[in-house]
Amino acid sequence: MFGREGASTRHPGKLEIGQKGTLLLDEITEMPLPLQSRMFKVLQEKQFVRAGEAKPVEVDVRILAASSDKLDRALAEKRFQADLYYRLSAFTVHVPLCAIARMKLKILLRYSMHKVAKYYGLPARDFTPSTLEACQNHSWPGNLKNWKPS
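Residues numbered from 1 in each chain as written. Predicted model: local features only at pLDDT ≥ 70, side-chain atom pairs only at ≥ 80, totals over all residues. Heavy atoms only, no water.

## Description of the overall build of the protein
To be explicit about the condition: Only DSSP runs of H or I reaching four residues or more are called helices, and only runs of E reaching two or more are called strands; each is numbered from the N terminus. Note on contacts: a residue pair is in contact if any heavy atoms of the two residues lie within 4.5 Å. Note that accessible areas follow from Shrake-Rupley with a 1.4 Å probe, and for residues the cover is restricted to the protein chains shown.
Secondary structure summary: the protein contains six helices and six strands in total. N-terminal to C-terminal, the α/β element order of the protein is β-β-α-β-α-β-β-β-α-α-α-α. Nonlocal contacts in the protein, meaning residues at least 24 apart in sequence, comprise 65% of its contacts between residues at least 6 apart. A total of about 10900 Å² of accessible surface is found on the protein, and carbon and sulfur atoms cover 58% of it.

Below, the structure is given as structure tokens:
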């Protein structure tokens, strides 16, 4: 995350590589508490000290954080630091579970089918009513985290 400086080599960390860009911290609640403290300090001071070096490194990077865990539960269980949560929560997006978003499922399925057909140069097809109904009735544990439209 922070990189390191060796005797003859320098290894930039994710923060340096992401300079002037965006860094995604996936499953942020699984980050060890000492690393959470260090990340909070980086967000607050906009700099860090690379391992093996004394000079601070200035950093300008946008941070996106994601978690499939309930953040309020992680905070209550002291697995996630409140100061880091408040620093990161300037803009929060809650992605509903598929079970909650069932009404949007038909739209998502049709959109995906058309994108796949276009990608493979095939004619677009539609789902049968029984297939759509089966999808509507499925329990859909989880969310759409890994679904990536292009």
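On we go from here.
## Looking at the environment of Asp-126
As a reminder of what qualifies: Polar contacts, as used here, are pairs of N or O atoms within 3.5 Å; protein pairs need one atom able to donate a hydrogen and one able to accept it. Residues neighboring in sequence count only if both atoms are side-chain atoms.
With respect to the secondary-structure elements, Asp-126 resides in the loop between helix 5 (105-120) and helix 6 (129-137). Sequence-wise, Asp-126 and Arg-110 are 16 residues apart; in three dimensions their C-alpha atoms are separated by 6.7 Å. One polar contact links Asp-126 to Arg-110, side chain to side chain, over a distance of 3.2 Å.

## Overview of unusual backbone geometry
Non-glycine residue Glu-27 carries a positive phi angle of around 50°. The topology assignment puts Glu-27 in the loop between strand 3 (22-25) and helix 2 (33-45). The phi torsion at Lys-46 lies on the positive side, around 55°, for a residue other than glycine. Locating Lys-46 in the fold gives a position in the loop between helix 2 and strand 4 (47-49).

## Considering the pairing of strand 3
Here is the rule: Note on exposure labels: buried denotes an accessible area under 20% of the residue type's maximum, exposed denotes more than 50%, and partly exposed covers the range between, all computed with a 1.4 Å probe on protein chains only. For two strands to be treated as a pair, DSSP must find at least two bridges joining them.
Burial along strand 3 is one-sided: Leu-23 and Leu-25 are buried, and none of Thr-22 and Leu-24, which face the opposite way, are. Alignment of strand 3 against strand 6 (residues 62-65), held across four bridges, turns out to be parallel. Directly across from Leu-23, in strand 6, lies its bridge partner Ile-63.

## As for the packing of aromatic side chains
What counts is decided by this rule: Stacked, edge-to-face and tilted labels apply to pairs of Phe, Tyr and Trp rings (six-membered ring for Trp) whose centres lie within 6.5 Å, assigned for plane angles under 30 degrees, over 60, and everything in between, in that order.
Applying the stated criterion across every chain, the model contains two aromatic pairs. Centre to centre, the rings of Tyr-85 and Tyr-86 are 5.1 Å apart; their planes meet at 75°, and the pair counts as edge-to-face. On the numbers, 4.9 Å between centres and 90° between planes, the contact of Tyr-119 with Tyr-120 is edge-to-face. A relative accessible area of 58% means that Tyr-120 is categorised as exposed.

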